[in-house]
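# Overview (structure and organization)
Chain by chain, the residues run as shown.
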Amino acid sequence: MKLKRTYRFAIKTSLFITFFITLLLSVFLFAFYTINWVLILAFASASYVFSFIVIQLRVERFIYRRVKKIYDDLTLLESASLTRGSITTDMGTLTKEIDKFARDKKLEIETLKVREKYRKEFLGNISHELKTPLFTVQGYILTLLDGAIDDKNIRKKYLERANKGVERLSYIVKDLDMITKLEIGDLSLNLEVFDIVELVNNVFDMFEMRAHKKNITLMFDTDYTKPVLVKADKERIQQVLANLIVNSIKYGKEKGTTEVSIENLIKNKAIVRITDNGEGIEKKHVSRLFERFFRVDKTGNRKVGGSGLGLSIVKHIIEAHNEKIYVESEFGVGSEFSFTLEKAK
């Protein structure tokens, strides 16, 4: 039979005390009186019971007061799970609770460290993204103010370049505003039934010229003779397709392909895949692709353009539909982005 440690301690200590007192009593009786074994056994039993009760109560009280101090100290921390239940003096239970509490707090600290690192990177990225077009616009305007405005050709060229910088700033602010609304649930979705095949064709038409410049072929994996009806926000899904297809063109190889396939996933779900044979992405970068302003190219190269928020917007739009987005990529081979949609009944 397992006993609490305090009971074992009280039993052993009571035995020691009882043995010592009984021995003294026996010596006393032997020296001054006659030995009476019945009296000695009764005295020993009484001493043992009294010692056990006193020691156990004192030990319980001693531990309780110190354990309560631990509980009281932990109440200073929010979400301290130890304060939700009754106070226990069992050391095994207390140790388990303290260990669990310590692990939870360690996990919280690690999470906060990761978030702090992400916050610093985000602030650095957004600072860089805004600084580049701002300095560009400021440089052209200052050049014009310094006298270049008198030259008609230079004036037009510099104003056009400054306008491009302002447009870039507008894209960034607009995209940030959209992400914020998606995160707080302030951007309502207009759900409707539409043909996803037709929508992909429309997006192909939008970027046909851009793909042609790099000799990239936009294609389906097969001929879709029948419409594939889905239920979603048509405008937002068009934005998702546009961002993913534009990315495949930007980072695609010359004379490459961008292929779209639409498959049945489960009874009420379809999955749309956008596959290319472009540069591909290293595995260490895949998990961060959907972060705001995250770029695989750390050199700061902006030749491919964009606000740096495209994939982040894609992720938020898909998640706003309560759907999933996936990415598979092999460096030097190509990438595949896919997302699910609810099929129309």
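Given the structure is predicted, the values throughout are model-derived calculations rather than measurements.

With that settled, the discussion passes to the packing of aromatic side chains. Taken as a whole, this structure holds 4 aromatic pairs when the rule is applied. Relative to Y158, the ring of Y140 has its centre 5.0 Å away and its plane inclined at 50°; by these criteria the two rings are tilted. With Y140 in helix α3 (residues 91-145) and Y158 in helix α4 (residues 152-184), this pair connects stretches of sequence that are 18 residues apart. Measuring from ring centre to ring centre gives 5.4 Å for F220 and Y224, while their planes differ by 70°; the resulting arrangement is edge-to-face. Judged by relative accessible area, which is 22%, Y224 ranks as partly exposed. Taken together, the aromatic side chains of F204, F220 and Y224 make up a single cluster linked through ring pairs.

Formed by 50 residues in total, the largest nonpolar core has its most connected members in I196, I237, L241, V272 and F339. Counting residues in each nonpolar core, the second largest holds 6 residues, with Y140, L144, A148 and Y158 among its members.

Before going further, it helps to spend a moment on the packing of helix α7 (residues 234-250) against helix α9 (residues 310-320). The description of two helices packed together rests on the angle between their axes and the distance between the axes. Following both chains from N to C, one finds α7 and α9 inclined at 145°, their axes separated by 9 Å at the closest point. Considering the relative orientation of α7 and α9, their crossing is left-handed. Contact residues: R236, I237, Q239, V240, N243, L244 and N247 in α7; G310, L311, I313, V314, I317 and I318 in α9. Class assignment for the residues of the contact of α7 with α9 results in 8 nonpolar, 4 polar and 1 charged.

What counts and how
Residues numbered from 1 in each chain as written. Predicted model: local features only at pLDDT ≥ 70, side-chain atom pairs only at ≥ 80, totals over all residues. Heavy atoms only, no water. Phe/Tyr/Trp six-rings, centres within 6.5 Å; stacked < 30°, edge-to-face > 60°. Helix = DSSP H or I, 4+ residues; strand = E, 2+ residues; numbered from the N terminus. Buried < 20%, exposed > 50% of the residue type's maximum accessible area, 1.4 Å probe, protein only. Core = buried A, V, L, I, M, F, W, Y, C linked by side-chain atoms within 4.5 Å. Axes fitted to C-alpha atoms, helices over the stretch in contact; angles between N-to-C directions. Left-handed = near helix turned anticlockwise from the far one by under 90°. Contact = heavy atoms within 4.5 Å. Nonpolar A, V, L, I, M, F, W, Y, C, P; charged D, E, K, R; others polar.

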